[in-house]
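Chain and residue survey
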Amino acid sequence: MSELDDDILNAALADFRADAMPRIAPLGAEAVFGTVRRRRRVRTTAAASALALAVLVPSGLLAMQDRQAAPAAPATSAPASPSRSDGPPPVRDAPTDLANATFTLPAWPPDAPKDCRSGKITFHGGWAASTADWVLLIRPGALSADVDADGGRDTLVRVTCRAGDSGFDQLVALSALDGALRTLGQVVSAEEIIATTPGADGTVAVKVADTVQCCGMPPTHRLTQNRTFRWSGGRFEQTGGSASFLADSSYAAVTVKKAEAAVGPPSGGKQTGSVTVTVRNAGPHAKDVTVVLSFPTNITVTGRATGASCGSFGGQAVNEAPCALGTVPAGGSVTLTVPISYGATGDGSTWRGDFQIRSGDQRYDAWEHLDSVGFQ
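On to unusual backbone geometry, then. A negative phi holds for most residues other than glycine; trans holds for most peptide bonds. Residues other than glycine seldom take positive phi values, yet Ala149 does so here, at roughly 60°. Summarising the element assignment, Ala149 is placed in the loop between β5 (143–145) and β6 (154–163). At Asp288, a residue that is not glycine, the phi angle is positive and equals roughly 55°. Topologically, Asp288 is positioned in strand β15 (residues 286–294). Residue classification places Asp288 among the partly exposed positions, given a relative accessible area of 48%.

Here the focus is the nonpolar core. Val277, Val291, Leu293, Leu325, Leu336 and Val338 are the most contacted members of the largest nonpolar core, which totals 29 residues. Mapped by element, the contributors of at least two residues to this core are β13 (254–263), β14 (270–281), β15, β16 (299–301), β17 (320–328), β18 (333–343) and β19 (354–359). In terms of residue count, β18 provides more of this core than any other element does, 5 residues in total. If you look at the next biggest cluster of nonpolar residues, it comprises 20 residues, including Ile121, Ile138, Phe168 and Val172.

Further remarks concern the pairing of β14. As paired strands, β13 and β14 are joined by 9 bridges and run antiparallel to one another. Bridge pairing in β14 places Ala261 opposite Val275. Between β13 and β14, which follow one another and run antiparallel, lie 6 residues, and Gly268 among them has a positive phi close to 65°. Pairing analysis gives 11 bridges linking β14 to β18, with the strands arranged antiparallel. Paired with Ser274 across the two strands is Pro339, which belongs to β18.

Attention shifts here to the pattern of salt bridges. Applying the stated criterion to the full structure yields 5 salt bridges. Here Asp201 ties to Arg230 by a salt bridge, and the two come within 3.5 Å at their closest N and O atoms. Here Asp201 is found in the loop between β9 (192–198) and β10 (204–209), whereas its partner Arg230 is found in strand β11 (residues 224–232), with 29 residues between them in sequence. Overall, the relative accessible area of 49% leaves Asp201 in the partly exposed class. Two residues, Asp210 and Arg363, come together in a salt bridge whose shortest N-O distance is 3.3 Å.

Here the focus is the sheet that holds β9. Pairing within the open sheet is antiparallel, and its 4 strands lie in the order β9-β10-β11-β12. In this open sheet, the two strands that pair with only one neighbour each are β9 and β12 (235–240). Geometrically, the sheet is characterised by an average inter-axis angle of 35° between neighbouring strands, direction not taken into account.

According to the stated counting rule, one finds 2 disulfides in the structure shown. Shown here is the disulfide that connects Cys116 with Cys161, its sulfur atoms set 2.2 Å apart. Disulfide Cys116-Cys161: torsion about the S-S bond near -100°, hence left-handed. Here the residue Cys116 occupies a position in the loop between β1 (102–105) and β2 (119–122), and Cys161 occupies one in strand β6, the gap between them amounting to 45 residues. In terms of burial, Cys116 and Cys161 fall into one category: buried.

As enumerated under the stated definition, the model contains 3 aromatic pairs in all. Consider the rings of Trp108 and Phe168, whose centres lie 6.4 Å apart with planes at 80°: the pair is edge-to-face. Here Trp108 is found in the loop between β1 and β2, whereas its partner Phe168 is found in strand β7 (residues 166–177), with 60 residues between them in sequence. Here the two residues Trp108 and Phe168 agree in accessibility, since each one is buried. Aromatic side chains Trp231 and Phe236 sit 4.9 Å apart centroid to centroid with 75° between the ring planes, which places their arrangement in the edge-to-face category. Taking the relative accessible area as the measure of exposure, Trp231 reaches 21% and is therefore partly exposed. We note Arg227 situated over the ring of Phe245; from NZ or CZ to the ring centre the distance is 4.9 Å.

Judged by pairing direction, the sheet is antiparallel, and its 4 strands sit side by side in the order β13-β14-β18-β16 without closing on themselves. Both edges of this open sheet fall to β13 and β16, since each of them pairs with a single strand only. If you compare each strand with its neighbour and ignore which way they point, the axes differ by 30° on average.

So, about the confidence of the model for the protein. Considering every residue of the protein, the mean pLDDT works out to 74; 66% of them sit at 70 or more. Within the model, pLDDT remains below 50 along residues 23–92, and this stretch shows 39 contacts once partners closer than five positions in the same chain are excluded.

Relative to the helices and strands, Gln225 is located in strand β11. A polar side-chain atom of Gln225 sits 2.8 Å from a polar atom in the side chain of Arg227. Among the polar contacts listed, one links the side chain of Gln225 to the backbone oxygen of Ser244, at a separation of 2.9 Å. Apart from the residues lying within four places of it in its own chain, the contact partners of Gln225 are Val206, Lys207, Val208, Ser242, Ser244, Phe245, Asp361 and Gln362.

Glancing now at the environment of Pro106. Tracing the backbone shows Pro106 in the loop between β1 and β2. Judged by its relative accessible area of 16%, Pro106 falls in the buried class. For the pair Pro106 and Gln170, spaced 64 residues apart in sequence, the C-alpha to C-alpha distance is 8.7 Å. The contact partners of Pro106, leaving out residues within four places of it in the chain, are Ser118, Gln170, Val172, Thr183, Gly185 and Gln186.

Calculation rules
Residues numbered from 1 in each chain as written. Predicted model: local features only at pLDDT ≥ 70, side-chain atom pairs only at ≥ 80, totals over all residues. Heavy atoms only, no water. Helix = DSSP H or I, 4+ residues; strand = E, 2+ residues; numbered from the N terminus. Buried < 20%, exposed > 50% of the residue type's maximum accessible area, 1.4 Å probe, protein only. Core = buried A, V, L, I, M, F, W, Y, C linked by side-chain atoms within 4.5 Å. Pairing = 2+ DSSP bridges. Salt bridge = Lys/Arg side-chain N within 4 Å of Asp/Glu carboxyl O. Axes fitted to C-alpha atoms, helices over the stretch in contact; angles between N-to-C directions. Disulfide = S-S within 2.5 Å. Phe/Tyr/Trp six-rings, centres within 6.5 Å; stacked < 30°, edge-to-face > 60°. Lys NZ or Arg CZ within 6 Å of the ring centre and 35° of its normal. pLDDT = per-residue confidence, 0-100. Contact = heavy atoms within 4.5 Å. Polar contact = N/O pair within 3.5 Å; in protein donor to acceptor, adjacent residues only side chain to side chain.

Right under this line is the structure:
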């Protein structure tokens, strides 16, 4: 290339820079910070590429610099713009190894055993010591669901405080934001959590019981409820089902007026008789009232009950069954009688039965003893 060609090229480049550079505006700090705030992972590559393209020498001038080089291929696409985020970044799934995790366990309710520890707990092999006799257990079957509606996946785990056959449960929701295990809150606590079902709408359905099933206990002995919860205002609120195992205060006047057993003399090594329960209502109408009768294993129900429909009672040897009284009117009473038979011991020992009054899936009181006069 001759000196004349060099002079012509240099003059053309100088004219281009003088004309183009004043039109190139810097990005500015505010624009950069705004991009970072929208999405942390956005890199400055796109901005740098755009600046480089703006100052590239046009292909015609490059051809003047080297007439033997092939023309540069035109760009086929523009630099991609940063994607917008419609919400907070999704959280990652909570660790699957919850058996060896550390997280904050919410406080236990007042009716839980005082030996149940809360706060920051580290589990090893699925358990952690609470006191000398009580332990905390991670139960199997943790579930993954988006319970706080942030687009991420949270984990629902059942934690049990246990000593022997006694225990108390709580269902805890966990998330793993930026890899750190964080406790969202306690969904529900009860003596036993039987089942958990997350809903597609963010709700959590939980089946709970008022006592732990153990020791050959008949299924009807404990009371179960279905409750529904939803994350709201930074905590879980109940949206469906009964809030307590104790009956509403409007039914507080429903009581047992009389509960007794009467038997005749022994005959053929057996004694026959009946158990009678009278329920009185001194308050407003009480609907769906049930009396659950609990019998020792040596008791045989010899016929159907009168005054109520008593589940499987009907000549069967059963330990326990609910007797439906229906509606007990205000100021009224209902009496039921169950015929029974049992082996006569002749040693003067007395028999003790139990009963409990319920309204739907709630109870009026704890288990009470039947009067066992005459049972010996």
